[in-house]
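# Tertiary structure, described
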Number of protein chains: 2
Amino acid sequence: MDVRSARCQGRNCGRRGRSHGRSAPAPERSPVGRASIPPAGSLRHADGRAEHPGSGGGTNSVTLRRLGVIGTGLIGASIAGAARRSGARVQAFDLAPERLEIATARGMIDEARASLEDAVEAVDAVVLAMPIAAIIHSLPAVDTLAAPGSLIVDVGSVKRPVLESMEGLPGARRTVGGHPIAGRETGGPASADIDLFRDKPFVLVPTSRTSSTALAAARELAEMVGARPLVTDAELHDEVLARTSHLPQLLSTALGLTLEPGDGRLSGSGLHDMTRLASSDPEVWRDILIANDDRVSEALRRCLAHLNRLADAIERRAGEEIARILTEGKDRAAAERMESPA
Amino acid sequence: MDVRSARCQGRNCGRRGRSHGRSAPAPERSPVGRASIPPAGSLRHADGRAEHPGSGGGTNSVTLRRLGVIGTGLIGASIAGAARRSGARVQAFDLAPERLEIATARGMIDEARASLEDAVEAVDAVVLAMPIAAIIHSLPAVDTLAAPGSLIVDVGSVKRPVLESMEGLPGARRTVGGHPIAGRETGGPASADIDLFRDKPFVLVPTSRTSSTALAAARELAEMVGARPLVTDAELHDEVLARTSHLPQLLSTALGLTLEPGDGRLSGSGLHDMTRLASSDPEVWRDILIANDDRVSEALRRCLAHLNRLADAIERRAGEEIARILTEGKDRAAAERMESPA
């Protein structure tokens, strides 16, 4: 299959029954280029046949029988367990032996390996599930050590710096950036869940040199863990995630910081939902925020402008203006919740 | 029962097994006074006996057999339905006949009445479940029309302006401010739910003139709908709710406003939770924000300061500072989530 049909795995792809009568444009794959997120229902195979998530893409002959997972935190262990359920054999390595033990004890992996080199031996795909800095740091070694022909995919929450590293590797053709849009505020293999990615988007970002075989393999991996593959570029990914994931994290933290002792007793499900993200791992998030600093800063400054408008309107008791802002926010949020797979 | 024991209905009251060896202080009941939220587990009867939610307070002889509910939106209809389940007979009035029809059709009320006067006839308690401005506007008429000896309680989300009106009524002794801390983003009697208040706090705010009988009756009403009565003062209520309810609403709205078309497709449960509140009714929230403008403004300005600190740290790529702020937010949020009944 080619890159074009590999893009047809967006949410509800083809399922809303609309056909635009033309095939989708090829994605702009430069890490500084732009590609829009495929609109729901607008993408079809070149022959007009709609493609359904989980179909394996029809022409895709890649089969991932053996995976090497580096990093067995929440995401790595969940991917491993979900892939095992789909029939793959998973060998794994983690710098922290206790994480590897928990992942093994919970049946998320078949085999704990003693080193990165051992873990990538004779696999069809290497999944890099470490913090972003560690992913970038290990990419050259993984490219040197991994079996010829094996896919190399990461699961970092920011894609531009990872793609930049992938582009420069001798084995760039077999690398694909990845990001399963799922998680929870509690980390580690003890929180791993083989259903974590069920029906969630799994963003795939090909490098400028990624082969169509590698992209097809990455798509198979995403489907193997129950997710919906969605191809876009790193620039757009990081811009959108700054608004949909990184900004919500900051708002949740700031709300937590504003609370006073005892406040929780006079609270309901609204506060509960709004402070859930604040429980996430500060170290993981520090890295994400720094790796995506420009986009996060842009999103946060825009959000601050809206909050300042609200503060000014409230201080002036400007009822009509307050209602107008609330209505705009309601409409904007509703439109995106309609599109959300959550 | 006296006012003191009526305060013993906070969440987990007496259930954590700690006894301070002294009775709780009497609440400061002036609308400009201050009373702290009773700490969990710290309140007991004067005789040292722990009081459990739902016990009816032991000495409480009030029995609410017949209720008049004014306003059959989400909260009014849910209270009516929950009270019916507990054996009360509920008559109701709403300016919008269609809301009254839906509430009747859904079995939330026994009898739709044609006017405010009809609805408050011969009841043991009048529940004012309209927008705040309407509650304040109608209080003098309700006090004139309601059966002698009947409790008058409101369910508005801001308490200072309501209490101010109640204090000035000839029948102030029978008035109690109320606020069940529960709701959902969809309004109206079609969303009503007799379990909406189950184990949630129902804040009760006595006026400076409220009788102990009236407060006991209000507590009975709260228990009747499955909630946990919690007595505090209007000043503290409005200050805390600004942080736990009104501020989260503004953050959710601002997040919604920051989203771009298509963003929802690359989102997970984090964005979903964080934009839920933005779906709430803008008119209802305009009134709440204006009624509590000073406290909301204070909470929002404090939150903005935290967000600005985060923005600055991210722009400087100050990793340690970012991690420190995230950790502080995590700890603060965790402490209040521990206290939260949600």
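Look up: the structure comes first, before these words.
Below is a short write-up of the structure. Chains are numbered independently. Their residues run from 1 in the order of the written sequence. Both sets of labels track the order of writing: A upward for chains, 1 upward for ligands. Only residues with pLDDT of 70 or above have their local features reported here, since the model is predicted, and side-chain atom pairs are shown and tallied only from 80 upward, although totals for entire chains, interfaces and linings are computed over all residues. Calculation of side-chain values draws on the structure's entire complement of heavy atoms; hydrogens and water are dropped beforehand.

### Quick word on the interface of chain A and chain B
Residues are treated as being in contact if the distance between any of their heavy atoms lies within 4.5 Å. Listed by partner, the interface residues are 90 residues for chain A and 90 residues for chain B. Counting the surface lost from both chain A and chain B, the interface buries some 8900 Å², and carbon and sulfur atoms represent 65% of this. In short, buried area is how much 1.4 Å probe accessible area vanishes from two parts on joining, totalled over both. Its largest share of buried area at the contact with chain B, chain A owes to Arg265, Leu266 and Arg337 of chain A, together 11% of the area lost on that side. Take a side-chain nitrogen of Lys or Arg and a carboxyl oxygen of Asp or Glu: if they are within 4 Å of each other, that pair is a salt bridge. Across the chain A-chain B interface, the total number found is 12 salt bridges.

### Quick look at the pairing of strand β8 (residues 228-231) of chain B
When a strand is regular, its side chains alternate between the sheet's two faces. Residue and element names in this part refer to chain B. Whether a residue is buried, partly exposed or exposed follows from its accessible area with a 1.4 Å probe, protein chains only, as a fraction of its type maximum: under 20%, in between, or over 50%, in that order. Elements are defined by DSSP. Helices are runs of H or I of four residues or more, strands are runs of E of two residues or more, and each kind is numbered from the N terminus. Judged by which residues are buried, β8 turns out to be covered on both faces: Arg228 and Leu230 on one side and Pro229 and Val231 on the other are all buried. The pairing criterion is simple: DSSP has to find at least two bridges between the two strands. Strand direction decides the pairing type here: strand β7 (residues 201-206) and β8, joined by 4 bridges, are parallel. Counted as the bridge partner of Leu204 is Val231 from β8. Throughout, right-handed denotes a crossover for which the path from the first strand over the helix to the second runs clockwise when the strands point away from the viewer. On the question of chirality, the crossover connecting β7 to the parallel β8 by way of helix α7 (residues 212-224) is right-handed.

### Some remarks on the sheet that holds strand β7 (residues 201-206) of chain A
All names here are of chain A. The 8 strands are arranged β3-β2-β1-β4-β5-β6-β7-β8 in an open sheet whose pairing can be described as mixed. Two strands bound the open sheet, and with one partner strand each, they are β3 (111-112) and β8 (228-231). Taken together, the 5 bridges between strand β1 (residues 66-70) and strand β2 (residues 89-93) define a ladder with parallel strand orientation. Residue pairing in the sheet places Val69 in a bridge with Ala92 of β2.

### Section: the packing of helix α12 (residues 319-339) of chain A against helix α10 (residues 282-291) of chain B
In this analysis, axes come from line fits to C-alpha atoms, helices being fitted only over the stretch in contact, and the angle between any two N-to-C directions falls in the range 0 to 180 degrees. α10 of chain B packs onto α12 of chain A with a crossing angle of 135° between their chain directions and a minimal axis gap of 9 Å. As judged from the angle between their axes, α12 of chain A and α10 of chain B are oblique. Considering only the axes of α12 of chain A and α10 of chain B, their crossing is right-handed. In this structure, α12 of chain A contributes Gly319, Ile322, Ala323, Leu326, Thr327 and Lys330 of chain A to the contact, and α10 of chain B contributes Pro282, Trp285, Arg286, Leu289 and Ile290 of chain B. When residues are sorted by character, Ala, Val, Leu, Ile, Met, Phe, Trp, Tyr, Cys and Pro go into the nonpolar class, Asp, Glu, Lys and Arg into the charged class, and all the rest, Gly among them, into the polar class. Residues that form the contact of α12 of chain A with α10 of chain B fall into these classes: 7 nonpolar, 2 polar and 2 charged. Should an angle lie under 35 degrees it is considered roughly parallel, over 145 roughly antiparallel, and from 65 to 115 roughly perpendicular; all remaining angles are considered oblique. A clockwise turn of the near helix away from the far one marks a right-handed crossing, whereas an anticlockwise turn of less than a right angle marks a left-handed crossing.

### Observations regarding the sheet that holds strand β3 (residues 111-112) of chain B
Residue and element names in this part refer to chain B. The mixed open sheet is built from 8 strands, whose spatial order is β3-β2-β1-β4-β5-β6-β7-β8. Of all the strands in the sheet, just β3 and β8 have a single pairing partner and so form its edges. The pairing of strand β5 (residues 151-154) with strand β6 (residues 175-180) spans 2 bridges and is classified as parallel. Bridged to Ile152 within β6 is Thr175.

### So, the environment of Pro180 of chain A
Residue and element names in this part refer to chain A. Mapped onto the elements of the fold, Pro180 is located in strand β6 (residues 175-180). Among the residues examined, Pro180 registers a relative accessible area of 2% and is labelled buried. With 24 residues separating them in the primary sequence, Pro180 and Gly156 have C-alpha atoms 8.5 Å apart. Not counting the four nearest positions on each side in its chain, Pro180 is found in contact with Ile75, Ile79, Val155, Phe197, Pro201 and Phe202.

### Some details on the pattern of salt bridges
Residue and element names in this part refer to chain B. By the definition in use, this model includes 58 salt bridges over all chains. Here Arg160 makes a salt bridge to Asp238, at a shortest N to O gap of 2.8 Å. Here Arg160, found in helix α6 (residues 160-167), pairs with Asp238, found in helix α8 (residues 234-258); they are 78 residues apart in sequence, far enough to count as distant. Each member of the pair Arg160 and Asp238 is classed as buried.

### Here we look at the pairing of strand β4 (residues 125-128) of chain B
Residue and element names in this part refer to chain B. Of the two faces of β4, the one holding Ala125 and Val127 and the one holding Val126 and Leu128 are both buried throughout. The pairing of strand β1 (residues 66-70) with β4 spans 4 bridges and is parallel. Considered in β4, the bridge of Leu67 is made with Ala125. Examined bridge by bridge, β4 and β5 share 4 bridges and lie parallel to one another. Within the sheet, the bridge partner assigned to Val126 lies in β5 and is Ile152.

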